[in-house]
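Each chain, written out:
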Amino acid sequence: MQGSRPRAYLRNCLLGTMAAVLPTSLAALETTLNAPGASKELIQRIEETSSVTTAEARGLDTPLEVLSAALSDYRTIVQILYDEGYFSPVVSIKLDGQEAAELSSLSVPAQINRAVITVDTGPTFTFGTAIVEPMAPQTELPESFATGKLATTGAIQRAASAGVQGWRDAGHAKAAVEGQKVIARHSQNKLDAEIDLAPGPRLTFGKMFIKGDTDVRHRSIEKIAGFPAGEVYSPEKIQKVGTRLRRTGTFSVVSIEEKDTPNPDGTLDFDATFEDLPKRRLTFGVEIASNAGLDVTATWTHRNVFRRAERLRFEAALRNIGGSEDLDGRIGLRLDQPDRLGPDDNTFWSALLERRNTDNYNVSIASLAYGARRTFSDRLYAEASAGFQWSDADDAYGTGRKFQYFILPLRSEWDERDSKVSATRGFYLDAQAMPFIGFSGTDTGIRLFADARTYTSLGTGGQIVLAGRAQVGSVIGPSPSNVTPDFLFFSGGAGTVRGQPFESLGIPVNGGVAGGKSFVGLSGEVRGKINDTISLVGFYDFGTVDTSSFIGSNAEFHSGAGLGVRYDLGGFGPLRLDLALPVQGDTGSGLQFYIGIGQAF
């Protein structure tokens, strides 16, 4: 390549390895980069990559080290220019006026004070011919690899990768690049590139051999993985196997590697290596609201309980510590069993003991259920269960009211947010339906609930985020007086309407407040970043509750608005402080504040 002086470069590299005399130390090196006609981005890239211009940062402090850096820079800079479409560059690197490629490593000057890099990029080249062959059906080459497009080494590399991937997607697991032919036509500023592929045979999945130090039974791993033995090879299928195994939350490492050589019968075996996560994990959470006091939660998780990749989760919560209402809390258990059904399904047991003490009702709840979960993707799942629930309530309708249900909870969650703790784009949807069949004098009906959230950053890269939330709930069937209060709907508090007391809005009954059979909650936020860690938030919340199964014109409603501050805690999400005041309704007055971790929604 013109200007790179390859013979001098190789000669000096060889002599450099033979040098036995250490030169004297280097004074401060003055460096200059001249690249007439080059873009600012290209000049910056050369400056950041060059060993000479970054000599001080790299700790190069002797003349021999600077000479070695200059010799390596010829190839480095030429490669950068190739990447940008310049295939006839001239690169000169002079050390105190002498071309570095002409200096001998055996007679390095005692001192080098100045380095001047001059780059003549020459004209940009475009592709004359751009060929990849043979190509598998459905292969899509990058648009940058085509006749007339700017010729770059990156475009050639991406085209080669796309060609190989096309054959792999078609079942040819050992497809590879067999050869490349690249010719620069300097007189026409054209680059002809031809990539030859070797597809290899079409293979099918063979066996998966389990390796590594894992306590999970191999039979359970096989059932969870759903390894597609006998099916045509597909990278997507093997990726799905790894995803299923990681989803259990049991393993810290899941590595599935194909064997180097296929079997004579056209099958390809895989080695699956696993390492287990620690068996136990403990987490804590805290949230503070001005009138509801302190809420503390803790979860204890035990992985691989019976060596079948199960996950036992114990949850405990204490609420209203120091608040205006009586202390209450809950204890919950859930055991997930991922190897009972198919590869994308698992079964689970759940149990709950809970006491809720609010200004409007007190209720004790016990439930036990067994269900199944189907995972459609990492972002979409659905689950259904069947069980029993017992409630003992004191509310506006009376004291000591008992309810007994056979329940069939159904739930689906679809999460397309870019972050679960501080989303800037995407959406989230949680849809629930729970038919309940009463016995021993309890009424029958169905409870419906949906929580939809959407986010956009308006093209600002997350600097400004608009967030919206809509919650809709309905109980169809019995009258409000014949339903346990925890099935009914209230509005107010951090999860619905900030600025209004927790569950302060309901239906007036007998001088008290009972829950409604329908609910609609709407929330909007504008989030703006001040810097990398601090954001300001403005928000408005609205809630309405009605006695019928659907919101009517006479429904009770209230709203609140305020300002908030967020301090980013990294992967934990932001530390949240919200200050809010009532806007509509007579359920509250005065300033309310809320402190927690993570966005409000």
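Residues numbered from 1 in each chain as written. Predicted model: local features only at pLDDT ≥ 70, side-chain atom pairs only at ≥ 80, totals over all residues. Heavy atoms only, no water.

Novice: Sorry, what's going on with the overall build of the protein chain here?
Specialist: Looking only at helices and strands, the protein chain features seven helices and 29 strands. The C-alpha radius of gyration of the protein chain comes to 34 Å, more than 25% above the 25 Å expected for a compact globule of 601 residues. Its C-alpha atoms give the protein chain principal-axis dimensions of roughly 100 × 65 × 50 Å. Taking all 601 residues of the protein chain together, 43% fall into the buried category. Total accessible area on the protein chain stands at roughly 29400 Å², and carbon and sulfur atoms take up 55% of it. Put simply, the protein chain has 60 plus and 70 minus side-chain charges, and the middle of one group is 4 Å from the middle of the other. (Helix = DSSP H or I, 4+ residues; strand = E, 2+ residues; numbered from the N terminus. Rg over C-alpha atoms; globule rule 2.2 N^0.38 Å. Buried < 20%, exposed > 50% of the residue type's maximum accessible area, 1.4 Å probe, protein only. Areas by Shrake-Rupley, 256 points an atom, 1.4 Å probe, with all protein chains shown as cover. Lys, Arg positive; Asp, Glu negative; His and termini not counted. Charge placed at Lys NZ, Arg CZ, Asp CG, Glu CD.)

Novice: Looking at this structure, how should I read the environment of threonine 49?
Specialist: Structurally, threonine 49 is set in helix H2 (residues 40-49). Separated by 435 residues in the primary sequence, threonine 49 and threonine 484 place their C-alpha atoms 69 Å from one another. At a separation of 2.7 Å, a polar atom in the side chain of threonine 49 contacts the main-chain carbonyl oxygen of arginine 45. (Polar contact = N/O pair within 3.5 Å; in protein donor to acceptor, adjacent residues only side chain to side chain.)

Novice: Just checking my understanding: could you explain the packing of H2 against helix H4 (residues 63-83) for this structure?
Specialist: Helix-helix packing: each pair is described by the crossing angle between the helix axes and the interaxial distance. Here H2 crosses H4 at 150 degrees, and the two axes come no closer than 10 Å. Regarding the angle of H2 to H4, the classification is roughly antiparallel. Crossing hand, H2 versus H4: right-handed. Each of Leu42, Arg45, Ile46 and Thr49 in H2 lies in contact with H4, whose residues at this interface are Thr76, Ile77, Ile80, Leu81 and Asp83. (Axes fitted to C-alpha atoms, helices over the stretch in contact; angles between N-to-C directions. Parallel < 35°, antiparallel > 145°, perpendicular 65-115°, else oblique. Left-handed = near helix turned anticlockwise from the far one by under 90°. Contact = heavy atoms within 4.5 Å.)

Novice: When you look at the packing of aromatic side chains in this model, what are you seeing that I'm missing?
Specialist: The geometry of two aromatic rings is summed up by the distance between their centres and the angle between their planes. What the rule picks out here adds up to 21 aromatic pairs. Grouping aromatic residues by their ring pairs yields a cluster made of Phe205, Phe227, Tyr233 and Phe270. The cationic tip of arginine 373 hangs over the ring face of tyrosine 381; the distance from NZ or CZ to the ring centre is 3.5 Å. Across the ring face of phenylalanine 539, the terminal group of arginine 498 is positioned such that the distance to the ring centre comes to 3.9 Å. (Phe/Tyr/Trp six-rings, centres within 6.5 Å; stacked < 30°, edge-to-face > 60°. Lys NZ or Arg CZ within 6 Å of the ring centre and 35° of its normal.)

Novice: Where do I start with H4 in this structure?
Specialist: For an α-helix the count is 3.6 residues per turn, leaving residues at separations of three or four pointing the same way. Over its 21 residues, H4 runs 30 Å from end to end, which matches the ideal 30 Å to within 8%, given 1.5 Å per residue. At aspartate 73, H4 shows its largest bend, some 35 degrees. Where H4 ends, the next residue or the one after it, glycine 85, has phi of about 95 degrees, a positive value. (Expected span 1.5 Å × (residues − 1). Bend = angle between axes of the 7 residues up to and from the residue.)

Novice: Before we go on, may I ask you to explain the nonpolar core in this structure?
Specialist: It is characteristic of soluble globular proteins that their nonpolar side chains tend to be buried jointly. With 49 residues, the main nonpolar core has Leu95, Ala100, Phe127, Phe145 and Ile195 as its most contacted residues. Those elements giving two or more residues to this core turn out to be H2, H4, strand E2 (90-95), strand E4 (114-120), strand E5 (126-133), helix H5 (153-169) and strand E7 (190-198). Here the element with the most residues in this core is H4; it accounts for 12 residues. Contact partners of isoleucine 195, with chain neighbours within four places excluded, come to Ile131, Val132, Glu133, Phe145, Ile156, Ala159, Ala160, Val177, Gly179 and Gln180. Counting 23 residues, the second largest nonpolar core, distinct from the first, contains Val363, Met434, Phe436 and Val483. (Core = buried A, V, L, I, M, F, W, Y, C linked by side-chain atoms within 4.5 Å.)

Novice: It is not clear to me how the confidence of the model for the protein chain should be interpreted in this structure. Could you clarify?
Specialist: For residues with low pLDDT, the predicted coordinates do not support detailed interpretation. Across the protein chain, pLDDT averages 91, with 95% of residues at or above 70. Looking over the protein chain, one finds the lowest element-wise mean pLDDT in helix H1 (residues 6-18), namely 40, and the highest in strand E21 (residues 445-456), namely 98. Low confidence marks residues 1-26, where pLDDT is under 50. Its contacts with residues over four positions away, or in another chain, come to 54 contacts. (pLDDT = per-residue confidence, 0-100.)

Novice: Would you explain the environment of glycine 562 in this entry?
Specialist: Along the chain, the position of glycine 562 falls in strand E27 (residues 556-568). Spatially, the C-alpha atom of glycine 562 lies 6.7 Å from that of tyrosine 540, the residues being 22 residues apart in sequence. Discounting chain neighbours no more than four positions away, the residues touching glycine 562 are Val537, Gly538, Phe539, Leu579 and Ala580.

Novice: Please explain the pairing of strand E10 (residues 267-276) as it appears in this structure.
Specialist: Along a regular strand, successive side chains alternate from one face of the sheet to the other. The buried fraction of E10 amounts to seven of the 10 residues, a majority that puts the element mostly inside the structure. By the bridge criterion, eight bridges tie strand E8 (residues 204-213) to E10 in an arrangement that is parallel. Bridge pairing in E10 places lysine 211 opposite threonine 273. In terms of strand pairing, strand E9 (residues 251-258) meets E10 through seven bridges, oriented antiparallel. Along E10, the bridge assignment pairs glutamate 258 with phenylalanine 270. (Pairing = 2+ DSSP bridges.)

Novice: Which parts of the structure should I look at to understand the pairing of strand E17 (residues 380-395)?
Specialist: Pairing analysis gives 15 bridges linking strand E16 (residues 362-377) to E17, with the strands arranged antiparallel. Looking at the pairing, threonine 375 lines up with tyrosine 381 of E17. Direction of pairing for E17 relative to strand E19 (residues 410-415): antiparallel, over a ladder of five bridges. Within E19, the residue paired with tyrosine 381 across the bridge is glutamate 413. In this structure, E17 lies alongside strand E18 (residues 398-407), joined through eight bridges in antiparallel fashion. Counterpart to tryptophan 390 in the pairing with E18 is glutamine 404. Joining the antiparallel neighbours E17 and E18 is a turn of two residues.

Novice: Any chance you could explain the sheet that holds strand E1 (residues 30-34) here in plain terms?
Specialist: Strand-to-strand pairing in sheets goes through backbone hydrogen bonds, with the strands running parallel or antiparallel. The strand order across the open sheet formed by four strands is E1-E4-E2-E3, and the pairing between neighbours is mixed. In this open sheet, the two strands that pair with only one neighbour each are E1 and strand E3 (98-99). As paired elements, E2 and E3 share two bridges and run antiparallel to each other. Along E3, the bridge assignment pairs lysine 94 with glutamate 99.

Novice: I would appreciate a short explanation of the environment of serine 104 in the present structure.
Specialist: Among the secondary structure elements, serine 104 is positioned in the loop between E3 and E4. Each C-alpha atom of the pair serine 104 and proline 264 lies 56 Å from the other, and the pair is 160 residues apart in sequence. Of note is the side chain of serine 104, whose polar atom sits 3.1 Å from the backbone nitrogen of leucine 106.

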